[in-house]
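Here's the letter readout for the chains.
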Amino acid sequence: MPPLKRSPGISKSPLAWISKVMEVRDEQIIARVGLDTYMFLRYMRSMFIVFTVLSILSLATIIPVNITGGGDAEGISVLTMSNLPKNSSKLWVHIVFFMIFVIWVMKNILGELNVYTRLRLWWLTNPEHANKVGSSTVMVSTLPETLIEREDKIRQMFDIFPGGVRQVVVNRDCSDLADIVKQRDKYALKLEKILTTYAVNCEKAHKKAEKKGTEYAEPKRPLMRESKIPFKGPKIDAIEFLSTEIARLNQEIAESTSDETKFKRQSSAFVLFRKQIAAHMSAQTVLDYKPLSMNSVSLDVNPEDIIWSNMNMNPYDRRIRGYISFAITVGLVIVWTILTAFLAGLVSVKSLKKIPGLKNIPDSKWLGIFTGIVPSIVLAVLMALLPIVLRLLLRLEGTPRVSQVNMRLLHRYYFFQVWNVYLVTILSTTILETASEVVKHPELIVEVIATNVPKSANPILTYVLLLAFTGAAKEILQIARLVMRYVMPMIFAKTPRSIAKAETPAEFDWATSIPTHSLIFLMGFSYSFIAPLVNCFVAVYFGLFYVVYRYQFLYVYNDANWSTGGLSFPKSISQMMVGVYISEVYMLLIMVSRIDKSANAIVRVVFTAIILLCTVGVHLYINDAYMPIINYLPIRAAADVEENPKISNNFPDLSKEADLSLNDSTDADSTIESDSKARRRIYAMYGSLVPRKLIDYILAKVPSILHSKSPSNSPNPSDDDSNSDIAAEELASEYQGKTKQSNGLSMFPHDSTAAGSNVNSANGGLPSMPVAHHYNASGTEIDNSAAAAVADGKRTSGNTNILSIDSGVMAAAAAGPGANSL
């Protein structure tokens, strides 16, 4: 692993990891694990601070008001809003503090978005990202027929953007080549397994001969049948057969890639610009006057991120598939709701006997075990299968990139969580009981909801508290992965490659984890004024997960394949806004249900409605002001960086009033005082949560904070510009290693290291796999350049599906799932 991305060692003390991970500064986290992880951690920290403040305010104001409310609530319900009489004047306390809660949350959202936009801009222009070929490349889908065969016309059209076009690459259908590569990889893996087993047997025979003092006898060579039908055909030498087949398939691959005209052109292309800003400008431009023509343009192209089977889909077909997929998703939510309700009913033996045919089932301890364990297991399996099904639906829609699939899954899975976990599982115990009453008297629906929502506070409290401790403990223990980490190599992994694969660090599941945390925010904030005690539990939840995740991302997870520049953070903000809206609707319904002829009650309703309207206004402002800056590189920023490239090397000043061209050093010889750096770092960490005047006051009273020494075992990219140069070089080499294609050819042209360099980072920092030697039928070793290229760590089936001509050299790759070959 590169030194810049390596985390420091931890002592053997059981709790030493907590202090160690909390010492790591924010800019060091970005340098080690990327902007996506940093913004996720920042989101968790912000939620912890938000609910900590809400907890303090609730304990000091709302809970005492609820206790002395004078209602007839009992037990823990005394702490909730249900202990207030219908026309109590104390409801104004809840309204006022709810308004403060909303303002506090919206202030933090705006502050965090301001920080993110600065970091996103820095990430886009930093050499680590800007120097990649993919940063100045766009993927254009649904090309018209008149342009598919005219690369010169495509170049002429895109040459209008600054710097012009470096090269245009129209994708081709390489499905036949992909089948050959797949077969070759299958034989190669099988040969590797056979050779490893044979080598082990030879070593055992050699040691046995030495121990007995006898002459070494070579073990019997492995045999196999050529036929796919079991026990059919004669047995042949497995090593000789597989080596010959691999050599033959390699020759077929070389012959296929020698003539690009064999492969049919597809309706998608890559346009490589000379300037990054040109790619961002083209992505915001209407490219064609025909409906749905060239309407899909993707930025920051990564060959490993592309779903090649969806590159040639008709735009109308893609749209129809999208409608069908959404309908199936809604159907799945309904089916999962029915299954969840049914399985919840099985937990009770009494409910189980209500099922026809099971009325006379005898009571026994085994029945109790069945009803207690089986439904939970089935429900857990169903919950685990849902993301897989949703991902499959999104791929079948024609989504062209894996990252887009995951981004869209964030919202779909969150929709499922809100409905099936929050509205069905949590609220069904109270609302469904009154369903018959609502059917008879529909005018009572508002009163019924407003009356019964506070009664469901206990399940909310239990769920959040249980998830806070068991979820955080499960996350840090990783029992299943820990067992598989040691069981897989012993039982299933028989080759160096399979062992390396089994030992590869796990990846964080962004698409399902973020919606789960957003659901907890929804539960906490929607009940922040109804049952204020939930604020304390949610603060504990986010605090525990924040500390655990800092350790997991620095020492456990490997998320090299997830690099979107923090684009999951705006999705989290959108999901937070759903929680704010639901809480405001709850408050409005409660105030409406308590309305009477008094002017005080009407004013309460109007005041609550004003809060909702103000939130809508802030939300519209966020969409108009921040979203365009987040998605695209501003022209002003590109001009500033082009004028002074040094700006993009330094960690940015995250204050709102700072200017990009002025906040960093515009003079290469100027220096920044150490206390100014520390002050900027503190602003970056807490400026969106704490007023800057308060930070300045604390720093004035405790100046030692500015001069505290940071850990010396991790470089700070803002302190030394050479670090970012090193990181850019290392990251570029990793990117080039990932884009190695068959026979040492590159997916993207103008890649000086695409053919011939040995980049071990293509294997994720793991040692290179053993070389598979190819032999012909006579036993002579074959000098195959493709095999040699693979031995150096180059990918021979890298999901590129692109054929291009550049100075007479054709870059070819196969479609379909890629695999490192022998």
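Residues numbered from 1 in each chain as written. Predicted model: local features only at pLDDT ≥ 70, side-chain atom pairs only at ≥ 80, totals over all residues. Heavy atoms only, no water.

A. Fine view of the overall build of the protein. Secondary structure summary: the protein contains 31 helices and 10 strands in total. A total of about 38900 Å² of accessible surface is found on the protein, and carbon and sulfur atoms cover 62% of it. (Helix = DSSP H or I, 4+ residues; strand = E, 2+ residues; numbered from the N terminus. Areas by Shrake-Rupley, 256 points an atom, 1.4 Å probe, with all protein chains shown as cover.)

B. Molecular detail of the pattern of salt bridges. As enumerated under the stated definition, the model contains 16 salt bridges in all. Residues R42 and E112 are paired through a salt bridge, measuring 2.7 Å at the closest nitrogen-oxygen approach. You can see R42 sitting in helix α3 (residues 35-67) and its partner E112 sitting in helix α4 (residues 91-125), a full 70 residues away along the chain. Of the two residues examined, R42 and E112, each falls in the buried class. Between K207 and E203 there is a salt bridge; the shortest N-O distance is 3.9 Å. Placement of the pair is K207 and E203 together in helix α8 (residues 175-212), with a separation of 4 residues, close to one helical turn. With a relative accessible area of 41%, E203 lands in the partly exposed category. (Salt bridge = Lys/Arg side-chain N within 4 Å of Asp/Glu carboxyl O. Buried < 20%, exposed > 50% of the residue type's maximum accessible area, 1.4 Å probe, protein only.)

C. Broad picture of the sheet that holds strand β6 (residues 297-298). Read from one edge to the other, the open sheet built from 4 strands follows the order β2-β5-β1-β6, with strand pairing classed as antiparallel. Where the open sheet ends on each side, the last strands, each with one partner, are β2 (165-172) and β6. Sheet topology places β2 next to strand β5 (residues 265-273); 6 bridges connect them, and they run antiparallel. Considered in β5, the bridge of Q167 is made with L272. Contacting β1 (137-141), β2 and β5, helix α7 (residues 151-158) crosses the sheet at an angle of about 135° to β2. (Pairing = 2+ DSSP bridges. Contact = heavy atoms within 4.5 Å. Axes fitted to C-alpha atoms, helices over the stretch in contact; angles between N-to-C directions.)

D. Quick look at α4. The first and last C-alpha atoms of α4 sit 51 Å apart over 35 residues, in line with the 51 Å expected at 1.5 Å per residue. Judged by how many residues are buried, α4 sits mostly within the fold: 27 of 35 residues are covered. (Expected span 1.5 Å × (residues − 1).)

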